[in-house]
Amino acid sequence: MNFEQRLKKAVNASGRMTILGVSTLSNQVVEAMSYGGKHYFEMADLYEQSGKMIAGYCRTEDAMITNSASAAITLAIAGLITKENRYAVEHLHKVASERKSEVILMKGHNVDYGAPIETMISLAGAEVKEVGYANGCRASLIEQAITERTVAVLFVQSHHCVQKNMPTISEVQQVCIQNQIPFLVDAAAEDGIDQFADRCDLVVFSGSKAIEGPSCGILAGREPFLSYAKQHRSFIGRAMKVGKETVFGLLAALEAYGTNTMSIEIQRDVLQELHSFDSLPGVSVQFIDDPSGRPITRLRLFINPTKAKLSALELVDALKTGPIPIYTRDYHANEGHIDLDPRPLLHGDTDIIRDRINTLLGE
Ligand SMILES: *Cc1c(COP(=O)(O)O)cnc(C)c1O
């Protein structure tokens, strides 16, 4: 297969990164996708029945597969704008602005996760109404921003967001309940997909991040909000179509969800193979536990720019632009250290990383 030679692979020592294809698929998932791809189905029934199964994993009343978490945000909001008004569903692009179509979003949640979340809200014909500040917000500010034009409050549960001085998910939920406003949570990258049913009306997950399924998304939650969103499948949702192979792949990934986690011991064993960087000039290494408390350990390389051949920033750049691109966790490279995440490493990757870093930083 000539294209395999022509389309170059990358080494991922960074984490679940959309720019690298997020996650790799298990054999179980690939086999399920192959089954889905090789048979015919009544697609409407396939979407409906698989939605019920996905809801089972999320412990919500109903759910639907979408082609990304971004599409789940757009379809959720489109549904809330139109409700069961068929004319509005068919003419969303013309009528959205005449209907309730303001989405309240805290400024600290108005993030760019690789694309601006505001774009996904606008795709549904809605408008963002920001509340709070870049460094904080209060639940009372959300309450005071609600008007008769408010269609939903969107809460983003993510490391991308401002974390300090922000109201909790349950404080915002209380405001929504008291004011009878639908409460949508974007939990795209979160673990614990069965933990959101009682905390919001609608929740969004990525199918390929924590769930490690094919590229897709999930919208899960309460009736009637799910049926509102589903109506859009044959309208704006057509531009976000999901294939039958993806439906089967997601179900297989959900079935395996939580069983494939790499133990801390195995993570350390993998990283131990890279511990020898300690002997390179200007480099010291240390195991670092995940700052948000997840069961992840990473190897941190501290680079002393006066003693090492390259600074941390120069190393990051050289690794990415080498013959095989290598991506590290480089958020703190400007402070002189980078992390290697063991979870996404594939067989043979530690050898590639070791050889490359030894070449770049060795004497
Ligand atoms: C990754 C991410 C998304 C987008 O997911 P896609 O499936 O790539 O559309 C949305 N919100 C948050 C918080 C994310 O982390």
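Analysis parameters
- Residues numbered from 1 in each chain as written.
- Predicted model: local features only at pLDDT ≥ 70, side-chain atom pairs only at ≥ 80, totals over all residues.
- Heavy atoms only, no water.
- Disulfide = S-S within 2.5 Å.
- Buried < 20%, exposed > 50% of the residue type's maximum accessible area, 1.4 Å probe, protein only.
- Pairing = 2+ DSSP bridges.
- Helix = DSSP H or I, 4+ residues; strand = E, 2+ residues; numbered from the N terminus.
- Axes fitted to C-alpha atoms, helices over the stretch in contact; angles between N-to-C directions.
- Contact = heavy atoms within 4.5 Å.
- Phe/Tyr/Trp six-rings, centres within 6.5 Å; stacked < 30°, edge-to-face > 60°.

Chemist: Tell me about the state of the cysteines, and please be specific about residues and values.
Modeler: Per the counting criterion, the structure on display carries 0 disulfides. The thiol of Cys58 is unpaired, and the distance to the nearest cysteine sulfur, on Cys200, comes to 10 Å. Of the cysteine sulfurs around Cys216, a residue in no disulfide, the closest is that of Cys58, at 11 Å. The class for Cys216 is buried, based on a relative accessible area of 3%.

Chemist: Go over the sheet that holds strand E5 (residues 150-156) with me, naming the residues and quoting the values.
Modeler: Judged by pairing direction, the sheet is mixed, and its 7 strands sit side by side in the order E2-E8-E7-E6-E5-E3-E4 without closing on themselves. The sheet is open, and its two borders are formed by strand E2 (62-66) and strand E4 (127-131), each paired with just one other strand. Taken over all neighbouring pairs, the strand axes of this sheet differ in orientation by 25° on average, direction set aside. Packing against the sheet, helix H9 (residues 169-179) makes contact with strand E3 (102-106), E5 and strand E6 (183-186), and its axis sits at approximately 155° to E6.

Chemist: Would you mind going over the packing of aromatic side chains in detail, with residue names and values included?
Modeler: Within this structure, the stated rule accounts for 6 aromatic pairs. Relative to Phe183, the ring of Phe155 lies with its centre 6.2 Å away and its plane at 80°, an arrangement referred to as edge-to-face. One end of the pair, Phe155, is in strand E5; the other, Phe183, is in strand E6, with 28 residues separating them in the sequence. On the accessibility criterion, Phe183 (2% relative accessible area) is buried. Ring plane angle 80° and centroid distance 6.2 Å describe the contact between Phe225 and Tyr228, whose orientation is recorded as edge-to-face. Of the two residues, Phe225 and Tyr228 are both situated in helix H10 (residues 225-230); the distance of 3 residues between them amounts to about one turn of the helix. The pair formed by Phe225 and Tyr228 is uniform in burial state, with each residue classed as buried.

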